[in-house]
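Residues per chain, in single letters:
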Amino acid sequence: MYRFLALFRDALRALRRNVLRTLLTMLGVIIGVAAVIAMVAIGGGASDQVKLQVDSLGENLVIVMAGGAQVGAGVLGGAGTAGTLTVADAEAIRREVPGVRHVSPEARSAAQVAAGNENCSTQVLGVGVEYPALRNWPLAGGEFFGAAAERAAARVAVLGRTVARALFGDGDPIGAVVRIDGVPFTVIGVLAAKGANMMGQDQDDAVLVPYTAALRRLLGQTNLRMINVGAESAAAMGPVQREIAALLRQRHRLPAGREDDFTIRTQEELAAFAGSTTRIMAGLLGAIAGVSLLVGGIGIMNIMLVSVTERTREIGLRLALGARRRDILRQFLIEAALLSAAGGVVGVAAGLGISRVAAWVLNWPAAAPVSVVAGAVVFSAGVGVFFGFYPARRAARMDPIEALRRE
Amino acid sequence: MIHLEEIHRIYDTAAAPVHALRGVNLRILPGEFVAVMGASGSGKSTLMNLLGCLDRPTRGRYRLDDADVAELSPDAVAAVRNRTIGFVFQGFNLLHRATALENVELPMLYATPTLRGDEARSRARVALGRVGLEARADHTPSELSGGQQQRVAIARALVLDPKLLLADEPTGNLDTRTSIEIMGLFQQLNAQGATIVMVTHELDVARFAQRIVVMRDGRIVADRALDRPADPVAELARLPDEAEAETA
């Protein structure tokens, strides 16, 4: 213990010999560790955020979009515009695909919505009665339309939070009449706030009406943009996806070899798609961290070599006083490890600072787990030991006579 | 204590092999105070390195304290340097940023079995006391005079009670008065039982030993005992008074 403390004291003393040089040497490790910590904290926050958004889609959701996923059509932007899905398709899915709990057709268009003197442009979603259950989207007030209203293509509307606020401020919109592209609808409910989706769009900026009313009274067409299907369980999503594909190919009379004229995405696929961007970012930061730790390690090796040369006489003296070669090796390894571990500690502090700023700017939760913080410090000490080994061995192999003679 | 038989040391240099020691035979008994003299190139530094186990002879046998040094493992040689031998250098070789006390503690860092921290500290204080510097324990070398620095180095050499004190030109960097004081300290330590071997090229310094060994061209050419070693008190008294020296 005494010996270890004394070695530690000697190492600290050596590092204090030239504070500026010590700090500059630590900089590489500081940047590397800060990058790792920031990466983990921000990346972790991002994937939490993506998970939240994917969960907000609903439970076990399978989305069938009109149009194939041909090259050039885009993954989400192009799909849903081809006009190949019909209400009959949605009913067939409900009837014939096992493992399906909910089905909601969806039609969608941009529309001008007005109430009194206020008006705003928003998305009108024509959906089925099961839509709130599918999307896990409760009402903040009033009620959702029922099966009778859906059958009758009733002119009733449920407002998203953003639209309700825009048209009615803090007032109660229930019972009021809004004109959607000039067609009057009675407001029967207001949805709870849901926030932005994975693409950053405000999901509350929408008006929900029965899909029958949307098709007949607003769009004047019979094609759906998509069909939302809720599977009974997570395990059922795969089979449901395959069954729907087979069913729709048959219904659309697609010969073998012809591309699908629809696209099916499960919630997990959407999550993976959204997560891939985060992973690329994390990978880039990881690469920066790796390069920076490498450069930092080489800097430590360089400075330790200089230090060994400068202290040749001291090494000779210690050997003459009875130090074994491994005592000298240990001394310089401790010094290198201390140097880089100190860099690691400063780096952790900087990384936490950066991630806190990022969390504030991006409005993400960002936090690095304790295990990562501890790991970063230990790893940076390891970098010091690794890159300090060569200089330390050089010190340990010195000839004491030569070393003592050196000025 | 020391027994050298037909010691040769040949350095392989790029130009030609240098025969630094050409058959040295020497016996030093416990309690002796020996000065090794010789011009530069006479082989006295090489002899010192061999005695200190910092180097090994090319040929010949070196027995230190009844052990054949050639047969010791590197760790055992390190232990010999740590426990059996105390080194005093011309250039003091103190750690500049450490206090006198910490400098004296340095050998104990490498001692086996390991000492406890408070034990090491109290031993270092005792050693500083033996050289009369207990009051300066917390000073760094830059705050001490040359003579005081050499005293710290001597305390460092003494701290583990070595049987043999090896001094390489211990007064080479000191003025006459301080040199005499250091020699007085050596005589005092010798009287307390330490065996001392000291390399010097100054006869004035060598006169304080009991025995003078003279080397030339890698061989011992003279080895004689002094009936009456120089007395530091008398020598100091014979020095001109410092005030007088300034007016003169």
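Residues numbered from 1 in each chain as written. Chains lettered and ligands numbered in written order. Predicted model: local features only at pLDDT ≥ 70, side-chain atom pairs only at ≥ 80, totals over all residues.

Draft legend 1. Just the overall build of chain B, in detail. Helix and strand content of chain B: nine helices and 10 strands. Relative to the globule expectation of 18 Å for 248 residues, the C-alpha radius of gyration of chain B, 19 Å, shows essentially globular dimensions. Its C-alpha atoms give chain B principal-axis dimensions of roughly 50 × 50 × 35 Å. Each of the 248 residues in chain B was classed as buried or not, and the buried ones make up 42%. Pairs at least 24 residues apart make up 70% of the contacts formed inside chain B by residues separated by at least 6 positions. (Helix = DSSP H or I, 4+ residues; strand = E, 2+ residues; numbered from the N terminus. Rg over C-alpha atoms; globule rule 2.2 N^0.38 Å. Buried ≥ 20, exposed ≤ 12 C-beta atoms within 10 Å, placed from the backbone. Contact = placed C-beta atoms within 7 Å.)

Draft legend 2. Focus on the overall build of chain A. Within chain A, the secondary structure is distributed over 13 helices and 12 strands. Radius of gyration (C-alpha) of chain A: 33 Å, far over the 22 Å computed for a compact globule of 407 residues. With respect to the three principal axes, the spread of C-alpha positions in chain A is 105 × 55 × 35 Å. Counting every position in chain A, which comprises 407 residues, the buried fraction comes to 44%. A separation threshold of at least 6 residues defines the contact pool for chain A, and within that pool the share at least 24 residues apart is 81%.

Draft legend 3. Seen up close, the nonpolar core. Residue and element names in this part refer to chain A. Formed by 186 residues in total, the largest nonpolar core has its most connected members in Ile37, Val64 and Ala157. Both domain 1 (2-52 + 273-405) and domain 2 (102-225) contribute no fewer than three residues apiece to this core. Sequence-distant contacts of Ala157, defined by excluding residues within four places in its chain, comprise Val178, Ile180, Phe185, Val187, Val207, Leu208 and Val209. (Core = buried A, V, L, I, M, F, W, Y, C linked by C-beta atoms within 7 Å. Domains from an automatic or database assignment.)

Draft legend 4. The arrangement of the domain arrangement of chain A in detail. The domain boundaries assigned to chain A delineate domain 1 (2-52 + 273-405) and domain 2 (102-225). For domain 1 of chain A versus domain 2 of chain A, the distance between C-alpha centres works out to 57 Å.

Draft legend 5. Spatial organisation of helix H5 (residues 146-158) of chain B. All names here are of chain B. Taking 1.5 Å of rise per residue, the 13 residues of H5 would be expected to cover 18 Å, and the 18 Å separating its terminal C-alpha atoms lies within 8% of that figure. Extensive coverage of H5 is indicated by the burial of 10 of its 13 residues. Every buried residue belonging to H5 is among Gln149, Gln150, Arg151, Val152, Ala153, Ile154, Ala155, Arg156, Ala157 and Leu158, and all of these are buried. If you follow the buried residues of H5, they end up packed against strand E6 (85-88), helix H3 (100-105), helix H4 (117-130), strand E7 (164-168) and helix H6 (176-191). (Expected span 1.5 Å × (residues − 1).)

Draft legend 6. Main features of the sheet that holds strand E2 (residues 18-28) of chain B. Residue and element names in this part refer to chain B. Spatially, the four strands line up as an open sheet ordered E2-E1-E4-E5, and their pairing is antiparallel. The sheet terminates laterally at E2 and strand E5 (67-68), the two strands that pair on one side only. Bridge count for strand E4 (residues 59-64) against E5 is two bridges, and the pairing is antiparallel. Looking across to E5, one finds that Leu64 is bridged to Ala67. (Pairing = 2+ DSSP bridges.)

Draft legend 7. Inspection of the interface of chain B and chain A at higher detail. Across the boundary between the two partners, chain B contributes 24 residues, which contact 18 residues of chain A. Listing elements by their share of the side of chain B that touches chain A, those giving two or more residues are helix H2 (74-83) and H4 of chain B. Sorting elements by how many residues they give to the side of chain B that touches chain A places H2(B) first, with six residues. The class makeup of the residues in the side of chain B that touches chain A is 13 nonpolar, six polar and five charged. (Nonpolar A, V, L, I, M, F, W, Y, C, P; charged D, E, K, R; others polar.)

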